[in-house]
Amino acid sequence: MVAGCYLWGALVAGYISLLVAVEEQEQKVPSLKHSLTTPLIKVEDDDALLTCVVKNQGNFTLMWKKAAKEKAGNKILTANMERITSDERLKIMHEDGGQVYVLVVRNVTIRDAGMYICELNSDPPLRSFHELKVLSATLQPPVPTESSVVTGATASTKDSVEVWGYSTERPVDHDFSPCCAARNISTVCQGFCKLKNILDGNTGVNPSDCEEEFPDIVSCMADGRNHMPCCVEAGIPEVCTDLCRGEYTVQTDNIKSMFSCSAYTAPTLACIAAGIETLPKQPQGFSAEALNDTSIRLHWLPPAKTDHLTQSYRVNVTYLQFLSPVFSVKVDTSKAKEIYPPNSALHEIPRGKTEFIINGLEKFSLYEVSMWAENKDGGKSLSTYDIKIVTHMEGDSGDPEPLESPTLPNIRSCCISNNVTHAKCVDKFCDPRNVASTQLTDLMICAPWDTEMFQCLADGKDHTPCCAAKRLPPLCQELCSGNVTDINFKYFRCLSYMNELSSCMLEGYGVLPSRPVNFRFSNLQTTFGILHWDKPDTLGDTVVDYVVKYQRITPDTGKTMSVEHAKSPFILENLDSASTYEVFVEPVNNIGTGEASTRIVFRTASRKIEDLLDSVNPYNQSSCCLKSGMKPECLPLCSYDANISEVKSLARLCADEFSKVVRCAAGGRDHLPCCARRGVPNNCQPLCQAVHQASTGADFLQCLPNIGQIITCYEEGTTKLPPPIKDFKAVSVQDGIVVLTWQVDDLNGTFNTAHFEVYYKLVEENSTGSTVFESDQQINTTVPIVKIPDLETGKKYRFFVVSRNEKGTSLPSSIVTVNVSSESWNGTSISGASSPPHLLEVDSHSATWLQFAWNPPAITHPEDVLKYRLYYQQVSANLSKFDMVETDVTTVQLTGLTPNTQYALYSTALIVTKDTKIESTPSETLIAWTDPAFPAFVEAPTIHPINMVTEGSSMTVLCIAMGTPLPTVTLYINGHPLRSEITRHMVTMVHNVTSDMGHVSCYADNGYGTPMIASRKITISRAPTLSAPASTTVMKDDVLVLQCKVDAFPAPTMAIFRDSELKQSMMSDDRISITARGDEEDMATFYLSMEIAKVNQSDGQTYYCHANNTLGANSAPMLVNVTDQPLPVMNVTQCCLQHNVSADCLDICAFSIDFDMMIRKPQCIPQFSLMMSCASDGSDHRHCCSTGGVPSNCLDWCRGEAVEESEVCALSHSKTIVGCFHQGKENLPGKPTNIKVRPIDKNSAMVFWDLPEKNPHSVELYRVFWRPVGAKGANKSDTVQRKLVLHELHSGTTYEVVVKAGNSNGTSQLTQPLKFITADEFIIATSPVRSNVGGAVGIVLAVFIVLGLVVVVIYVMKKKNLIVLSVKKPDSPSVAFENPFYAVRDPASTAQAVSAEDYNVHISSSGSWQSEMSGTPSDRSSASSSPHSPDKNESTEMNPSMYEQISLGVNGQGFKRFK
């Protein structure tokens, strides 16, 4: 036993060692298995990124290639980082030492589509394949691939020409531009009138811009020749042969017009080019005329220039039906066709003839004739248009040849003899046939001869009665009389009646025939009728032909239509059923058109009920979709007339519903023969049998280019093919015998179901769902029940049934599987189930989950509601029971699985009804592994462009991570997450790059091991920005040091100039030293310093620091003041005493806040803020400080407030701050003094104050802030006076008010807040709180007095109904102010509230009082408030520190919150 354990242990150890060795070996072997090989789909002009991941590349070269034909070899595009191809649109994204090579194809075109190969030249070579598909909204030639070669095409040889992958014996060239010009094809579209232009893509215009003209272009392209035999021989499907017939099918949004013929473009054009040289053109001017009751005469002209290709002509005469000789009645068409069915006859006519008479026809019958030309090889032209013609009634015959028309009077001679000298006037007005085309200019030019012309035109007759009958206006009837004295502008309206005038003149001459007589109709049908008439009584023998005019009157009025060259009997066709028409006929001779016949009004017949039923599809597709459980929002897809736009918009939402759409569209019929006939590709033909297989390409969306052919077959088949059976089941099972029954869905015989075919097969043990359509035997029956004997007892059989009629068959709707033995049958019916799901496969996988997909059952009724079950278990568990999940869709993800574990799975389908679930047999069994778990690993981000990322531009960041399960990759910019995605390779385009985006990180975590982050520091390229002291004061003979800080990248060129034009640069010499240096840690920070020894008065001027690089230039002025006197000593000892500065530290206050002395007394550092408060002297010096480079976290010292980092601020910036105190001592005002409030009424009060003690005469403006105590918002107003009326106050509310003074140099600090209450005529004001005991006692007493007064006042006012005891919140938004003069406001705003955001985000750096007055003075202040000053520059502002932004938003700090 022990020996056995040792042996087992040794085996396990050996196995582990082997695994370790294999794993180590795998780690050294190159691999491309992590490359992204999912097909990439792009639209034209997009950028395509193909990703190849190579592990353990070593010294091997990685190449990108583009697949080409075998004879040409694959085209090498890149090798490692080098571009081999000359196409500059291609480049490689790769980081040195990295594993990812991304091929970037910019601005892709149709010809970029195809298979790209990532190849490592190892031994053997490793390859990964990446397919790129490019979509185009325009008509472009397809990319030639091996799979796109049309059946029947052979490989090109030296004697053939290859076009788009198709070989033809002669060049494909055909110029039909003259025909296009004759059809008025626009100039921009005539590029399509040469086949070579189309093939070369040189048409010069987008095809969609010319689609309206394509019918005429294609007609010219075919040139009247029948190219169909060549197209059929080339394997072009029927649906794509419209060009071969000279026709063009316009694709609309209707799904049935969606079919793809691009693969057949080349052979189609090749056939047309070949046919142009060998095929005859169709005859021209084809016409037919009935000679008598049994004969018709045909007439045509031979085709110009190509008659030599014609061997003979063929005429097809088709008898349609006989007609009733009884007028004004209709004949029963269906009975007429039963008595004498339609038939056709062909007549051959030799070349050279242009006329042919056909005899022996039926009397008074309807015929249709057409003709075409043929060559000696049997090649044909296109057929002429079909002409319907009616033979005469028995004994009648056609009119004889017309006689010569009467002679017109010589009006022209009359005009000339009457001195009408203008030739154009003679031509226009002296020939009645030309009068109808008279224009306004003609009437104006010929007005001098108006009397003579119209007198001659009347020929001595008064034509007024005719003109009146034709409804000419009275003024225009004067022209008909011939008595015209003067033509003026009033007669211009008669131009529109010149045609009637001409007709009346001709009629008055007696040269036009009278009206046709005996006008009548017969054989009125739903869409046509036969018109009859006799020749006119007057001049009837001169009639050449007739014009038939008709107009629809009801149900709505239509346009008047004309048909010329008509002869009796005439078939008037293309009418609408159940409509009323008015029709008349006019005779025509060589002179003109005669009098119209009487008018006939008739109504076409209504369509019969059976005709209407024939036009309605008996199959209800929408009802099927509802019964199958489709989502309501997807129902628009359940229509044979669905729109492509709807399909595309619902594609994502209804992705799981397309199998139901296919099942219900097919309707349980077998449409495969129709689809094969219409050229549906093999990979899409399963859809024709309602088999939706996404994994094999038989998917609705993948087959969208050919969906039009499929939908057409669906619609056609559901009207002709029999429906599937229902409720199929085995009702009896005995030894060797099974009895099957089903329900018929064609009870009324709509589809003429002839019989049912029962197929069955012995089921073997290893049978799978992939063989569901196979069968061994078949039995036919005409009734829905069958008994099948002679089966093997104890064996399992599978049965299904299809319906059949003369058009085809249905599909099986379910499968009955039974064990044929009495012992196994429990006496109940065995219902049919669907076939099992098939092609179960792993869709995606990871360490803890597996994603599976399968195809829906191939056999099921279209109305079945289906669900699916997926059974699974660990193989190593060796359990008899499987776990199961149920789903409504054909995909499911199993989660919570064990890494590196083998699972066995199979699926079933369920037909769900109200009471039962009928489960199918199992699908094939699948064995799948979960991935081993590996911790996440991420590479440093790859950034492109590598060499320069410019501020304001875009950059591409590539994060590459490994690990199993798939890690969550997050991109961080400066520590802020920008984007997360579960992937191995995440490409992110970052737009509008800013200069502070210097730290880019990729973070990866998959739940195993420690998350990993990899970072890269980058420097954003930007134009220079400068920071320099605006003003510097130096004593004469001292050393001046100026330093300019430059932020720029790439490194700038820096210099200091004496003038703003930058012409006089400063140079180093014995007295001047100029140095430049870069920051050791920041590659974009540079310093330029100038040191001048022994400064003199001439050095006092403005210097300009200038920097420029490739991205821009910038300058900053630096003012230098040279003084003979030292800065005055600032002695603030008295203030320090009042602020309780210790005696040991008072000497620091006595000498301009001597910081050197404070360093020697470290115990004084905590009191430094008190000293700075005293030194500020009641003024706000922040503008001076900010321009001097004092950071925001130290700015509070500049207005006498404490700062958080006092040591840092003292060490780095105390000198600058004290310098600002000196500078502001003479020009900044102090705080206003003695602020008081006086009541006006319960809603108003006046606040007033005295001049500041410091620089009182420098005040230019005062700013007043007030608010309810505790409110976050404040109101403000500006005034030049030392008083302000506050309006819209709320009685009983406690307010607080502060005031500050200012001028163009800056402002003072705020006064201490003064609180007050308004209550009718009372106001209580409290002074600022002091920190002494007496004051405290006084305040306590004052509080009690105030409370008492408030109670009394409120009580009195409430009695008088003067107040309501409620608190109203201020209208103004939240604000914090200690120095609100630095607020930035919208100049257009008149609101008085100041938001906290305005104060907390920006501090004005203009330094001007006017810039503080960007808002309008308060309308709540008195009329004495001054108007605001113009706005100044507010562009340069400083943000507060993070601490300020946080602390300023804390409530309960009083005015400390008002920044």
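Basis of the calculations
Residues numbered from 1 in each chain as written. Predicted model: local features only at pLDDT ≥ 70, side-chain atom pairs only at ≥ 80, totals over all residues. Heavy atoms only, no water. Helix = DSSP H or I, 4+ residues; strand = E, 2+ residues; numbered from the N terminus. Buried < 20%, exposed > 50% of the residue type's maximum accessible area, 1.4 Å probe, protein only. Disulfide = S-S within 2.5 Å. Pairing = 2+ DSSP bridges. Axes fitted to C-alpha atoms, helices over the stretch in contact; angles between N-to-C directions. Phe/Tyr/Trp six-rings, centres within 6.5 Å; stacked < 30°, edge-to-face > 60°. Polar contact = N/O pair within 3.5 Å; in protein donor to acceptor, adjacent residues only side chain to side chain. Salt bridge = Lys/Arg side-chain N within 4 Å of Asp/Glu carboxyl O. Expected span 1.5 Å × (residues − 1). Core = buried A, V, L, I, M, F, W, Y, C linked by side-chain atoms within 4.5 Å. Contact = heavy atoms within 4.5 Å.

**Overview of unusual backbone geometry**
Okay, so step 1: Backbone torsion omega between T554 and P555 reads 5°, so that peptide bond is classified as cis.
Okay, so step 2: Considering the arrangement of structural elements, one finds P555 in the loop between β21 (545-554) and β22 (561-566).
Okay, so step 3: In the segment running from F1049 into P1050, the intervening peptide bond is cis, with an omega of 5°.
Okay, so step 4: Among the secondary structure elements, P1050 is positioned in the loop between β53 (1040-1049) and β54 (1053-1057).
Okay, so step 5: Even without being a glycine, R471 presents a positive backbone phi close to 65°.
Okay, so step 6: Its place among the elements puts R471 in the loop between α12 (464-469) and α13 (474-481).
Okay, so step 7: Look at R471 and you get exposed, because its relative accessible area is 72%.
Okay, so step 8: Phi angles above zero are rare outside glycine, and K1094 is one such case at about 50°.
Okay, so step 9: In this structure, K1094 sits in the loop between β56 (1085-1092) and β57 (1102-1109).

**Some thoughts on the state of the cysteines**
Okay, so step 1: In this structure the tally under the stated criterion is 26 disulfides.
Okay, so step 2: Each disulfide pairs two cysteine sulfurs, and for C189 the partner residue is C210, the sulfurs being separated by 2.0 Å. As the torsion about the S-S bond is roughly -90°, the C189-C210 disulfide counts as left-handed. Here the residue C189 occupies a position in the loop between α2 (177-182) and α3 (195-200), and C210 occupies one in the loop between α3 and α4 (214-222), the gap between them amounting to 21 residues.

**Regarding the sheet that holds strand β7 (residues 100-105)**
Okay, so step 1: Across the sheet, which stays open at both edges, the 3 strands sit in the order β2-β7-β6 with antiparallel pairing between neighbours. Lying at the two open borders of the sheet, with one neighbouring strand each, are β2 (48-53) and β6 (90-93). Adjacent strand axes in the sheet meet at a mean angle of 20°, parallel and antiparallel pairs treated alike.
Okay, so step 2: Taken together, the 4 bridges between β6 and β7 define a ladder with antiparallel strand orientation. Opposite K91, over in β7, you have V104 as the bridge partner.

**Some points on the sheet that holds β56**
Okay, so step 1: In spatial order, the strands read β51-β53-β56-β55; together these 4 strands make up an open sheet with antiparallel pairing. Each edge of the sheet is formed by a strand with only one pairing partner; in this case those strands are β51 (1022-1027) and β55 (1072-1078). Averaged over neighbouring strand pairs, the angle between their axes works out to 20° when direction is ignored.
Okay, so step 2: Here β55 runs beside β56; their pairing, made up of 7 bridges, is antiparallel.

**Side note on the packing of aromatic side chains**
Okay, so step 1: Summed over the entire model, instances satisfying the criterion amount to 22 aromatic pairs.
Okay, so step 2: Pairing F521 with F602 gives two aromatic rings, centres 5.7 Å apart and planes at 40°, and the pair type is tilted. Here F521 is found in strand β19 (residues 517-522), whereas its partner F602 is found in strand β25 (residues 600-603), with 81 residues between them in sequence.
Okay, so step 3: Following the ring pairs from residue to residue traces out a cluster consisting of F521, Y550, Y581 and F602.

**Quick look at the side chain of Q1309**
Okay, so step 1: Among the structural elements, Q1309 can be located in the loop between β66 (1306-1308) and β67 (1314-1319).
Okay, so step 2: With relative accessibility at 14%, the residue Q1309 sits in the buried group.
Okay, so step 3: Among the polar contacts made by the side chain of Q1309, one reaches the main-chain carbonyl oxygen of S1179 at a distance of 3.2 Å.
Okay, so step 4: A polar contact is formed between the side chain of Q1309 and the backbone oxygen of R1199, at a distance of 2.6 Å.

**A short note on the pattern of salt bridges**
Okay, so step 1: Counted according to the given criterion, the structure contains 47 salt bridges.
Okay, so step 2: For R225, the salt bridge goes to D223, with nearest N and O atoms at 2.7 Å.
Okay, so step 3: You can call R225 buried: its relative accessible area is 3%.
Okay, so step 4: The shortest N-O distance in the salt bridge between R412 and D427 comes to 3.0 Å. Residue R412 is located in helix α8 (residues 411-417), and its partner D427 is located in helix α9 (residues 423-429); the two are separated by 15 residues in the primary sequence.
Okay, so step 5: Assessed through its relative accessible area of 41%, R412 is described here as partly exposed.
Okay, so step 6: On the accessibility criterion, D427 (34% relative accessible area) is partly exposed.

**Considerations on helix α6 (residues 265-278)**
Okay, so step 1: Here α6 contains 14 residues, and its C-alpha end-to-end distance of 20 Å stays within 8% of the 20 Å for a straight helix at 1.5 Å per residue.
Okay, so step 2: Burial analysis of α6 places 11 of its 14 residues in the buried class, which makes it a mostly covered element.
Okay, so step 3: Taken as a whole, α6 has its buried residues at A266, P267, T268, L269, A270, C271, I272, A273, A274, G275 and I276.

**Topic: the nonpolar core**
Okay, so step 1: Within the largest apolar cluster, 37 residues are counted, with the highest numbers of intra-cluster contacts made by I255, L637, L687, F700, I707, I710 and Y714.
Okay, so step 2: Breaking this core down by element, the ones donating at least two residues are α16 (621-627), α17 (644-650), α18 (658-666), α19 (672-677) and α20 (707-720).
Okay, so step 3: Ranked by residues supplied to this core, first place goes to α18 with 6 residues.
Okay, so step 4: Not counting chain neighbours up to four residues away, the residues in contact with Y714 comprise Y640, V662, A665, A666, H671, L687 and C688.

**Some thoughts on the pairing of strand β26 (residues 726-734)**
Remember that side chains alternate between the two faces of the sheet whenever the strand is regular.
Okay, so step 1: Bridge analysis of β26 against strand β27 (residues 737-743) gives 6 bridges, and the strand direction is antiparallel. Looking at β27, one finds that A730 is bridged to L740.
Okay, so step 2: Here β26 hands over to β27 after 2 residues, with G736 in that stretch at a positive phi of 80°.
Okay, so step 3: Where β26 lies against strand β34 (residues 830-831), 2 bridges are found, and the strand directions are antiparallel. Its bridge partner lying in β34, A730 is registered against I830.

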